[in-house]
Structures are given as structure tokens and as C-alpha cells.
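Summary of structural features
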Amino acid sequence: MVRPFAGLGIALSSARASSAAPGDCVVVEDSFVGVSAGIATNMTVFGLSATEDDKSVAAANKVFASLDEIHEYFVSQNQSRK
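Notes on the structure follow.

Parameters at a glance
- Residue positions are counted from 1 within each chain, in the order its sequence is given.
- Two thresholds apply to this predicted model, a pLDDT of at least 70 for residue-level local features and 80 or more for giving and counting side-chain atom pairs, whereas whole-chain, interface and lining totals are computed over all residues.
- Where side-chain values are given, they derive from all heavy atoms of the structure, hydrogens and water being excluded.
- Centres within 6.5 Å make a pair out of two Phe, Tyr or Trp rings, where for Trp the six-membered ring is used; the pair is then stacked when the planes are under 30 degrees apart, edge-to-face when over 60, and tilted otherwise.
- By the criteria applied, helices consist of DSSP H or I runs no shorter than four residues and strands consist of E runs no shorter than two, each listed in order from the N terminus.
- Exposure categories follow from relative accessible area, calculated using a 1.4 Å probe and restricted to protein chains: below 20% of the type maximum is buried, above 50% is exposed, and the middle band is partly exposed.
- By definition, two strands form a pair when at least two bridges between them are found by DSSP.
- All axes are obtained by fitting lines to C-alpha atoms, using only the stretch in contact for helices, and the reported angles, taken between N-to-C directions, cover 0 to 180 degrees.

**Some thoughts on the packing of aromatic side chains**
Overall, the coordinates contain five aromatic pairs when judged by the stated rule. Ring plane angle 45° and centroid distance 5.7 Å describe the contact between Phe46 and Phe74, whose orientation is recorded as tilted. Residue Phe46 is found in strand 2 (residues 44-48), and its partner Phe74 is found in helix 3 (residues 67-80); the two are separated by 28 residues along the sequence. For Phe74, a relative accessible area of 41% corresponds to the partly exposed category. Through pairs of rings, three or more aromatic residues link up here, namely Phe46, Phe64, Tyr73 and Phe74.

The following block contains the structure:
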């Protein structure tokens, strides 16, 4: 069996190790293959793209321009729950 993306196994192993269902996990990816693998695991996929017109991560659930932007997103989500 050819494994086109080793991170797929890592993501699923990490979910299992933390007793989390894949659907309760978030994966951050910066490539088409990574985004596709994340979708295949039923995880929420955050695409990381340096350019607005980068189509390689367009299938992600949400696309961000930087890790700082992802952090700000989580902070805002946490504040809205208070």
C-alpha cells in the first residue's frame, strides 16, 4: 500500500492518543495533499496560505494567512463562549 501522506497516520494516531474523535480535531495544512488527507480523516481542516489566490488549500474548512491569524481565531472563539 502506498501512503501518499504520512501525516494522515500521525493525525489519526494523535487523535487516538488523546481519546478524541477525529471530528473533534483540527489539523492545519499548507498543501493540497495535506488538506485532502485532513478531509479524509473527517477532521476540521484549517488551510495555511501565504497568498489570497492559493487554490491548493481552497478545500479547507477555513483558510488563514498565518499562524497568528489562526491563534486570533481561537482566542475570538473562546471569548465568544464566555
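**Brief notes about the sheet that holds strand 1 (residues 26-29)**
Reading across the sheet, the three strands line up as 1-2-3 and stay open at both edges, with parallel pairing between neighbours. Each having just a single partner strand, strand 1 and strand 3 (62-64) make up the two edges of the open sheet. Each neighbouring strand pair of the sheet contributes to a mean axis angle of 25°, computed without reference to strand direction. Pairing of strand 2 with strand 3, which is carried by three bridges, proceeds in the parallel orientation. Paired with Gly47 across the bridge in strand 3 is Val63.

Coordinates in, geometry out; function isn't part of it.
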